[in-house]
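One-letter residues, chain by chain:
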Amino acid sequence: MKFSGSGMIILAAICWGITGGLADILMGKGWDPLIISFYRGAIGLACFLIWLLISRKGKQELFASLIFWSAVAGIGVAGNFTFYFLSIQSTSVPIAATLMYTAPLFVLLISFLFRLERSTWFKWGCIFSVLLGIVLLTEVYDTGSGSVSLTGIVTGLAAGLSYALFIFGFKNAASIGKPQTVLTLAFLVFCVALAFFVNFEEAATVLTSGDIGWFMAIGLLGAGLSFALYTIGIKLTAPSTASIIAMVEPVTASLFGILLLGEELSIVQLIGMAVILLTVTTLSVKKSD
């Protein structure tokens, strides 16, 4: 059971990592990140609706608290998808994926703010270690290089903050309702939220374009299949193990960007990436013990 759970999470993380590379390809073809994000969520919603219908065992009551926390998760995932793609557009897949992986850091800071967690020297050390890694990864100290834009950094961190919001909302909603119900409600809110920002004339052209296959792949891999695998796998896997496995996503995204898209990172940036990934993983494992 443990192996099957870990295997599902690994597959989900690989799917998410590949999704960033596919989105970069579409943006290279001129597609708006908002359009890509919208289709990723809309196709995901269709998948979760099907999952909900075929796995329905007993009626799921829609409590106000279930709807509220699912909506919070939906807003979080909408921000995560959109800011992640915007960060890729301004930086690169490896940098955007690594910045997004700072989500546990935001969870920790929010816990400090609302006094949900006790402050310790170890936790503050992790925070400063991640900040150091971000400085090295983005090379913000080298004002003359212009290798990473401020927009890319901000949107990458915003993707991480949004992911933290999704985690917070999903955990609370999943404690009340079934995962397929929560995901269906969350992605319904996702689509409604992005509908206010999407250019529907451009969105409609996707259906008749030669790139429809890329959009379908992003939706199926980056939302439908991956989220289903993750929600099932997380129930069969210890939290500390899941925290380590999660690092597969930024590693996969980085390899996709470097090997297939020809993106490059300096030695200093690679060191920064390693510092962030190792620190966040250590923090997540420590909290799970």
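In this report, the structure presented in the accompanying data block is examined.

Attention shifts here to the overall build of the chain. On a plain count of helices and strands, the chain comes out with 13 helices and zero strands. When burial is assessed residue by residue, the chain has 50% of its 289 residues classed as buried. Within the chain, counting contacts between residues at least 6 apart in sequence, those at least 24 apart form 88% of the total. Entry remark: accessible area of the chain is about 13,500 Å², with carbon and sulfur atoms responsible for 72%.

This part covers the packing of aromatic side chains. Applying the stated criterion across every chain, the model contains 20 aromatic pairs. Judged by centre distance (5.7 Å) and plane angle (85 degrees), the rings of Phe-166 and Phe-227 are edge-to-face. Of this pair, Phe-166 sits in helix 7 (residues 150–174) while Phe-227 sits in helix 10 (residues 212–233), placing them 61 residues apart in sequence. Assessed through its relative accessible area of 6%, Phe-227 is described here as buried. Aromatic side chains Phe-187 and Phe-227 sit 5.4 Å apart centroid to centroid with 80 degrees between the ring planes, which places their arrangement in the edge-to-face category. Residue Phe-187 is found in helix 8 (residues 179–195), and its partner Phe-227 is found in helix 10; the two are separated by 40 residues along the sequence. Classification of Phe-187 as buried rests on a relative accessible area of 0%. Site record: aromatic cluster; members linked through ring pairs are Trp-16, Phe-48, Phe-81, Tyr-163, Phe-166, Phe-170, Phe-187, Phe-190, Phe-227 and Tyr-230. Positioned over the ring face of Phe-81 is Arg-40, at 3.6 Å from the centre of the ring.

Take helix 8 next. With 17 residues, helix 8 extends 24 Å from end C-alpha to end C-alpha; this agrees with the ideal 24 Å at 1.5 Å per step. Of all 17 residues in helix 8, 13 are buried; the element is thus mostly enclosed.

On to empty space enclosed by the protein, then. Counted under the stated rule, the structure contains one cavity of 30 Å³ or more. As a volume, the largest cavity reaches approximately 100 Å³. The wall of the largest cavity is formed by Trp-16, Arg-40, Val-77, Asn-80, Phe-81, Tyr-84, Met-100, Tyr-163, Phe-227 and Glu-249. Per element, the largest residue contribution to the lining of the largest cavity is four residues, and it comes from helix 3 (residues 64–90). The residue inventory of the lining of the largest cavity, partitioned by class, reads seven nonpolar, one polar and two charged.

Relative to the elements of secondary structure, Val-248 occurs in helix 12 (residues 248–260). Considered as a pair, Val-248 and Cys-15 are 233 residues apart in the sequence and their alpha carbons are 9.8 Å apart. Residues in contact with Val-248, not counting those within four places in the same chain, are Ile-10, Ala-13 and Ile-14.

Among the secondary structure elements, Thr-102 is positioned in the loop between helix 4 (93–100) and helix 5 (103–113). A C-alpha to C-alpha distance of 9.7 Å links Thr-102 and Ile-127, two positions 25 residues apart in sequence. Not counting the four nearest positions on each side in its chain, Thr-102 is found in contact with Val-130, Ile-134, Leu-157, Gly-160 and Ile-276. Polar side-chain contacts of Thr-102 include one of 2.5 Å to the backbone oxygen of Leu-99.

Cut-offs and rules
Note on numbering: residues in each chain are counted from 1, in written sequence order. Per-residue local features are limited, in this predicted model, to residues with pLDDT of at least 70; the limit for side-chain atom pairs, both in listing and counting, is 80 or more; totals at the level of whole chains, interfaces and linings are taken over all residues. Working from all heavy atoms in the structure, the side-chain values ignore hydrogens and water. What counts as a helix is a DSSP run of H or I of at least four residues, what counts as a strand is a run of E of at least two, and both are numbered from the N terminus. Residue burial is assigned from relative accessible area. The probe radius is 1.4 Å, only protein chains are included, and a residue is buried under 20% of its type maximum, exposed over 50%, and partly exposed in between. Contacts are assigned to residue pairs with any non-hydrogen atoms lying within 4.5 Å of each other. For the accessible areas, the method is Shrake-Rupley and the probe is 1.4 Å, while residue cover comes only from the protein chains on display. Aromatic contacts are taken between Phe, Tyr and Trp rings whose centres are within 6.5 Å, Trp giving its six-membered ring; a plane angle under 30 degrees counts as stacked, one over 60 as edge-to-face, and the others as tilted. Charge-over-ring contacts are defined here by two conditions on Lys NZ or Arg CZ: a distance within 6 Å of the ring centre and an angle within 35 degrees of the ring normal. Expected helix span is given by 1.5 Å per residue-to-residue step, counting one fewer step than there are residues. Only protein atoms enter the 1 Å grid used here. Points where a 1.4 Å probe fits but cannot escape make up a cavity, open sets with protein on both sides within 12 Å along at least five of seven lines make up a pocket, and a residue lines them when an atom lies within 4 Å of a point. Grid points are joined across faces, edges and corners, and a volume is the space filled by probe spheres set on the points. Gly is put with the polar residues, along with every residue not named as nonpolar or charged; the nonpolar set is Ala, Val, Leu, Ile, Met, Phe, Trp, Tyr, Cys and Pro, and the charged set is Asp, Glu, Lys and Arg. Polar contact criterion, stated in full: a pair of N or O atoms within 3.5 Å, where within protein one must be able to donate a hydrogen and the other to accept it, and residues adjacent in sequence count only if both atoms are side-chain atoms.

Purely geometric numbers; function is a separate question.
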